[in-house]
Amino acid sequence: MITSLTHRPVKKRTRKGVTSVILIGFMGAGKSHCGKVLAKELGWRYRDSDAIIEKREKKTIRQIFKEKGESHFRTVESKVIKDLLKKPYSVLSFGGGAVCRKVNRALIKKGGLVVWVKANPDVICKRTKKSKSRPLLNGDTSKKEMLQLLKERENYYKQCSAISILNNGGAVLPRLKRIRQIRQIVKKQRTNGHAL
Ligand code: S3P
């Protein structure tokens, strides 16, 4: 159930090694669930870009999209991503569309160990169907439209990430095993002074 692909080669860059793990992936893939477990495993802080955007704007994501538009949301999102990447010892979860802007992709790629959290389209559909907090996927979004959006973004997720985790739900153990493997990669890179 778990993929162990390494998309990008490991490069030597800093003395300190990895101090941020960045979770990217489509809406409903389970970034926050995996992120919270991984943060606990590492003893690091878990930080979510959407939660910070809502706090800064004093509005929910849905209200921001409705009242100020997606473009405003994306501008705030870029600022939040930039700020979060300066916070060491953090597991960062970025909204599913964070990879759409080139400037974000550049920051994400050099920001730490990037993990692509994946789930099968059927699972994503099921998880997002009743969601009221995702303006881009509401009750009226067809599976076809969702698949189109996923297709448009998949290459970005792949480009930016070093490793991936498949999070279709079901048995907890394989997922935890993969999260522990990721923890080992982080620890090894910290010991060796490597960063991705
Ligand atoms: C978005 C994903 C959402 C949120 C916003 C836009 C997207 O976050 O940032 O609704 O464009 O994919 P999650 O991926 O955490 O649902």
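These figures come from a predicted structure and were not determined experimentally.

So, how was this worked out
- Residues numbered from 1 in each chain as written.
- Predicted model: local features only at pLDDT ≥ 70, side-chain atom pairs only at ≥ 80, totals over all residues.
- Heavy atoms only, no water.
- Core = buried A, V, L, I, M, F, W, Y, C linked by side-chain atoms within 4.5 Å.
- Buried < 20%, exposed > 50% of the residue type's maximum accessible area, 1.4 Å probe, protein only.
- Contact = heavy atoms within 4.5 Å.
- Near = heavy atom within 4 Å.
- Polar contact = N/O pair within 3.5 Å; in protein donor to acceptor, adjacent residues only side chain to side chain.
- Areas by Shrake-Rupley, 256 points an atom, 1.4 Å probe, with all protein chains shown as cover.
- Nonpolar A, V, L, I, M, F, W, Y, C, P; charged D, E, K, R; others polar.
- Helix = DSSP H or I, 4+ residues; strand = E, 2+ residues; numbered from the N terminus.
- Lys, Arg positive; Asp, Glu negative; His and termini not counted.
- Salt bridge = Lys/Arg side-chain N within 4 Å of Asp/Glu carboxyl O.
- Pairing = 2+ DSSP bridges.
- Axes fitted to C-alpha atoms, helices over the stretch in contact; angles between N-to-C directions.
- Phe/Tyr/Trp six-rings, centres within 6.5 Å; stacked < 30°, edge-to-face > 60°.

Trainee: How should the nonpolar core be read in this particular structure?
Mentor: A general tendency of soluble globular proteins is for nonpolar side chains to be buried together. By size, the foremost hydrophobic cluster in this structure holds 51 residues, and its most contacted members are Val 21, Ile 24, Phe 26, Val 91, Phe 94, Ile 108 and Leu 113. Apart from residues lying up to four places away in sequence, Phe 94 is in contact with Ile 22, Leu 23, Lys 31, Ser 49, Ile 81, Leu 84, Leu 85 and Ile 108.

Trainee: I tried to follow the site of the ligand on my own but got confused; where do I start?
Mentor: The local shell around the ligand holds 13 residues, among which Lys 31, Asp 50, Arg 74, Arg 134 and Arg 153 are the closest. Note that an oxygen atom of the ligand is positioned 2.8 Å from one of the side-chain N or O atoms of Asp 50. Burial of the ligand by the protein chains amounts to 93% of its free accessible area of 380 Å². In terms of residue class, the shell around the ligand is built from 5 nonpolar, 3 polar and 5 charged.

Trainee: I'm lost on the side chain of Lys 31 in this one. Help?
Mentor: Here Lys 31 shows up in helix α1 (residues 31-42). Put simply, Lys 31 is tucked away with no salt bridge, and the nearest opposite charge, on Asp 50, sits 6.9 Å away. Among the polar contacts listed, one links the side chain of Lys 31 to the backbone oxygen of Phe 26, at a separation of 3.2 Å. Once residues within four sequence positions are removed from consideration, Lys 31 is found in contact with Leu 23, Ile 24, Gly 25, Phe 26, Tyr 46, Ser 93, Phe 94, Gly 95, Gly 96 and Val 117.

Trainee: I'm lost on the sheet that holds strand β2 (residues 45-48) in this one. Help?
Mentor: Picture the strands of a sheet paired through backbone hydrogen bonds; they go either parallel or antiparallel. In spatial order, the strands read β2-β3-β1-β4-β5; together these 5 strands make up an open sheet with parallel pairing. Of all the strands in the sheet, just β2 and β5 (163-166) have a single pairing partner and so form its edges. Across the sheet, the axes of successive neighbouring strands diverge by a mean angle of 25 degrees, strand direction being ignored. Relative to strand β3 (residues 90-93), strand β1 (residues 20-24) runs parallel, the two sharing 4 bridges. In the strand pairing of β3, Ser 20 is matched with Ser 90. The strands that α1 touches are β1, β2, β3, β4 (113-118) and β5; relative to β2, the one it contacts most, it runs at about 160 degrees. Against the sheet, helix α8 (residues 172-192) engages β1, β4 and β5, with an angle of about 165 degrees to β5.

Trainee: How should I be thinking about the environment of Ser 49 in this particular structure?
Mentor: Tracing the chain through its elements places Ser 49 in helix α2 (residues 49-57). Note on Ser 49: relative accessible area 0%, which makes it buried. The spatial distance from the C-alpha of Ser 49 to the C-alpha of Val 76 is 9.8 Å, given a sequence separation of 27 residues. Beyond its immediate sequence surroundings of up to four residues, Ser 49 is in contact with Val 80, Leu 84, Ser 93, Phe 94 and Gly 95. Within the local environment of Ser 49, its side chain forms a polar contact with the backbone nitrogen of Gly 95, the two atoms lying 3.2 Å apart.

Trainee: What is the right way to look at the side chain of Ser 78 in this model?
Mentor: Note that Ser 78 resides in helix α4 (residues 70-84). Apart from the residues lying within four places of it in its own chain, the contact partners of Ser 78 are Arg 101 and Asn 104.

Trainee: Teacher, can you tell me more about the packing of aromatic side chains here?
Mentor: How two aromatic rings sit relative to each other is given by the distance of their centres and the angle of their planes. Summed over the entire model, instances satisfying the criterion amount to 3 aromatic pairs. Between Trp 44 and Tyr 89 the ring centres are 5.8 Å apart and the planes differ by 75 degrees, which places this aromatic pair in the edge-to-face class. Of this pair, Trp 44 sits in the loop between α1 and β2 while Tyr 89 sits in the loop between α4 and β3, placing them 45 residues apart in sequence. Assessed through its relative accessible area of 14%, Trp 44 is described here as buried.

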